[in-house]
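# Remarks on the overall topology
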Amino acid sequence: MAVPKTLTLPAIPIRDMVLFPGARVPFVVGRSASVRTLELAIKAGDHLLMLTQKDAKVETPGQDDLYPIGTLALVESVIALPKDYYKVGVKGIARVNLRRYDDSGEVIQAEAYLLPEPSAAGGSLQAFHQAVEAFLGRNSDASRLLSLDQIRELPLGKAIDTVAGLVPAEVKQKQEILEQLEIGPRLETLLHLLELDAARSEVDRTLDEKTRQRLDQDHKQYVLNEKMRVIQQELGKKEEKDESTRLKDQIEAAGMSAEARGKALEELERLEAMPPQSAEATVSRTYLDWLLALPWKAMADERLDLMEAERVLDEDHSGLDKIKARILEHLAVMARLQKDPAKAEKGSEKGDGTQPPLRGPILCLVGPPGVGKTSLARSIARALNRPFVRLSLGGVRDEAEIRGHRRTYIGSMPGRIISLMKKAKVRNPLMLLDEIDKMASDFRGDPSSALLEVLDPEQNAAFQDHYLDVGFDLSQVLFLATANVRHQIPEPLEDRLEVLELSGYTTKEKLAIAEQHLLPRALEGHGMKDMGVQFEKAALEKLVQAYTREAGVRQFEREIANILRKLARHTLQPERGEAFDPIITAERVPKLLGPEKILETRAEDTVPPGLVNGLAWTPTGGDLLTIEAAVLPGKGVLKLTGKLGEVMQESANLALSYVRARAERLGLKRDFLDSVDLHVHVPEGAIPKDGPSAGITLATALISVLTGIPARADLAMTGELTLRGRVLPIGGLKEKLLAAHRQGRKAVLIPSENARHLEEVPAEVREQLSIHLVSHMDEVIPLALTRMPEPLGPEAAAPAPPNPARENPATQ
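Residues numbered from 1 in each chain as written. Predicted model: local features only at pLDDT ≥ 70, side-chain atom pairs only at ≥ 80, totals over all residues. Heavy atoms only, no water.

The next subject is the overall build of the chain. Counting secondary structure elements, the chain contains 27 helices and 24 strands. For the chain, whose C-alpha radius of gyration is 45 Å, the value lies well above the compact-globule estimate of 28 Å for 812 residues. Along the three orthogonal principal directions, the C-alpha set of the chain runs to about 135 × 95 × 70 Å. Residue burial in the chain is summarised as follows: out of 812 residues, 46% are buried. Counting only contacts in the chain whose residues sit at least 6 apart along the sequence, the fraction spanning at least 24 positions is 73%. As displayed, the chain offers around 41,500 Å² of accessible surface, 51% of which is attributable to carbon and sulfur atoms. Within the chain, the 120 negative side-chain charges are centred at a point lying 1 Å from the centre of the 106 positive side-chain charges. (Helix = DSSP H or I, 4+ residues; strand = E, 2+ residues; numbered from the N terminus. Rg over C-alpha atoms; globule rule 2.2 N^0.38 Å. Buried < 20%, exposed > 50% of the residue type's maximum accessible area, 1.4 Å probe, protein only. Contact = heavy atoms within 4.5 Å. Areas by Shrake-Rupley, 256 points an atom, 1.4 Å probe, with all protein chains shown as cover. Lys, Arg positive; Asp, Glu negative; His and termini not counted. Charge placed at Lys NZ, Arg CZ, Asp CG, Glu CD.)

Next comes the structure, spelled out in structure tokens:
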């Protein structure tokens, strides 16, 4: 039957396939419009147009949803299937280019024109035949339908279409070949497709080979194990236990709680039912390994000897008498509980004689860096003969760090509490919760809330880790915590802690620490223990005062190490520097370390009006806070500089209000502020400063600059000021007095309500400082200024003289 070049025929959209000219393809027709179109095509001469959909998910495609190049096909067979489906066999005849597609009626009609088949391009076909031969060699299904000899007999264009119909590829890749009208590009596209198929086949072959080798190895291992078992039975040897039996024996011997034992046996049953190579088997085995590695019943042989504990604490640390006394009290309670048989039996639910849990508060050592918090915890562990483990909480912001991840997550593990218990290998280690004030919280949870269960004696006997999912007893663990700043500890957590403040060391204490601990350790660490190196006391004082500014001794130790490194080089290369001299004097320190790093602000004989010394608390200890005030022509504006916080700015405004209220008593006119501006500056402007304790210092600076009377250069002060002139108590008294002593001040003014805190200050500092207790600003003025201001007018009452009884009794 002759076919015209322009055709209007029934058309069927097909999904997930491409029909090539010359290829025979079966497919199933189920859409109602396609079924009616098929019936029309059979009645009209068995010809129809086959058009491939761009997206197979489209149920009713339009012309834009079809590729423009399709195939004219001849229907060769139709087989009816259940539910109005038909299996149709068609043969491709020629390429067509779609011009119009009409699916508005009951059947689908399309108008297209035939695309002529170009003549074959010249050149060698060896590459094409080699690629086809390789394809047929690796594809058994294709080789049953086609042979290389048949390909050689076909015209090149028809041969390309025939092979393209058999190559496993995506619809888009096959459609690209169908749309190539020239033989050359069509051949290149097919060769590229055959190369991709060859690479894919090579990957599949490699994977199959590795899988087969693994299966063969497993089978070989199984056969060898069976043969070994038979040989041992023939020789009369006892058969070795398999892995499941060994795990079960370990579970029974681990001393787990009833809950954990049941969970472990249940997990073991699941493990036995799994293939050994499965991922689930690895997860179950790792879980069992964790359960078996934990110390369910192992206890350290604790030593509660107070004399030995006191000896160890004194050996490791100088000073800190109050802290040591509190620690020894804590240990004394533990010793009493252990010696009381009735309480021990009551405290041990299992009746195994273990020590009852200590239900007292958990100690938290708070102080600046370098004062010995972590080393104190190590000393306590050594004194008690308990293993020491440390949990660093700085920067922890994920609750899973404490409780672990649930086993539903890939790579899940227990939390750090359980990990440290595994490391300790006993139920009663000393666990240090370091930097407890540095935790944070975000969308992953609040780790401080998770710690509440850990530190609560009523709950930690059955601590629930998300990974283990069984209770673990933490009641025998001795917890200690450390922090740098108390107010940064979360409030619910602080409620479970007894805070022990470790303030900075005095110079005398630092020298004692250096002689007893730092120098011996540094000499041994630098290999100079037998070199006769000696530091004179003046040299150590030089290091403390001119090269370090800290509450602790960490930087002090680094400077000592710096000197020893230079001496070590002098011993080996005397010609490159000065000759080795083991005696370190104060004069040699600048030569070894360079210019002084800290220039202390020493008391001057005279200071200009407006300059007053205050005292400040910092996380690294106390410091001197110099406040400067100046009077400028203006209109009563108070300017504050030095990066002052909101509270400190309010203190400055309050101090000015106090001065205005007392103007005539201070020798000032009532309208003194109308023609002047006041500028208050706190040096070291890059450092933020805040807090109310500089109130009396700010007021004294304003009074000094307005009256022209200088303040005492050898005096420093601290105290919060109210609008009525009352002086309120402040915090950080010990650190502030240590700073005043360190920087050479002879007298200090402190609120009278802080008198109860003076016993915390070292006796050496109290003896060398003249400490004045003040309760009102009227008492501050005569003590702080070099002379009293002259009141204006006879009616102005003079300020109250200082009360001698308020002066520190230690200085009288």
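It is worth spelling out the pattern of salt bridges at this point. Once their charged atoms are close, side chains differing in charge can pair, the charge on each being opposite to the other. Per the stated rule, a full pass over the model turns up 39 salt bridges. When the shortest N-O distance is used, the salt bridge between Arg386 and Glu302 registers 2.6 Å. Residue Arg386 is found in the loop between α14 (373-384) and β8 (388-392), and its partner Glu302 is found in the loop between α10 (279-293) and α11 (306-316); the two are separated by 84 residues along the sequence. Take Arg386: its relative accessible area is 6%, and that puts it in the buried class. By relative accessible area, Glu302 is classed as buried at 13%. When the shortest N-O distance is used, the salt bridge between Asp581 and Arg588 registers 3.6 Å. Look at Asp581 and you get partly exposed, because its relative accessible area is 32%. A residue is classified by how much of its surface remains accessible, and Arg588, at 9% relative accessible area, is buried. Ionic contacts of the salt-bridge type, sharing partners, join the residues Glu308, Arg311, Glu315, Asp316 and Arg382 into one network. (Salt bridge = Lys/Arg side-chain N within 4 Å of Asp/Glu carboxyl O.)

With that out of the way, let us pick up the confidence of the model for the chain. Averaged over every residue, the pLDDT of the chain is 83; the share at 70 or more is 91%. The model gives residues 344-353 a pLDDT under 50, and that stretch makes eight contacts with residues more than four places away or in other chains. Confidence over residues 795-812 falls short of pLDDT 50; this stretch has 30 contacts with residues more than four positions distant or in other chains. (pLDDT = per-residue confidence, 0-100.)

With that settled, the discussion passes to the packing of helix α8 (residues 243-253) against helix α9 (residues 258-272). The description of two helices packed together rests on the angle between their axes and the distance between the axes. For the pair α8 and α9, interaxial distance at closest approach is 10 Å and the crossing angle is 175 degrees. Classed by the angle they form, the pair α8 and α9 counts as roughly antiparallel. Contact residues: α8 offers Ser244, Leu247, Lys248, Ile251 and Glu252, while α9 offers Arg261, Ala264, Leu265, Leu268, Leu271 and Glu272. (Axes fitted to C-alpha atoms, helices over the stretch in contact; angles between N-to-C directions. Parallel < 35°, antiparallel > 145°, perpendicular 65-115°, else oblique.)

What follows covers helix α27 (residues 777-784). Summarising burial for α27: seven of the eight residues are buried, a large majority. All buried positions along α27 are accounted for by Met777, Asp778, Glu779, Val780, Ile781, Leu783 and Ala784.

Moving on, we come to a nonpolar patch on the surface. On the surface, a cluster of nonpolar side chains totalling about 350 Å² of accessible area is made up of Val28, Ile79, Leu81 and Tyr85. Along the polypeptide, Leu81 turns up in strand β4 (residues 69-81). Residue class for Leu81 comes out partly exposed when judged on its relative accessible area of 33%. (Patch = residues over 30% accessible without salt bridge, like charges linked within 9 Å, V, L, I, M, F, W, Y side chains within 5 Å.)

In this section: unusual backbone geometry. The phi angle at Lys425 is positive, at roughly 70 degrees, despite the residue not being glycine. Along the chain, Lys425 turns up in the loop between α16 (416-424) and β9 (430-434). One non-glycine residue with positive phi stands out, namely Lys643, at about 60 degrees.

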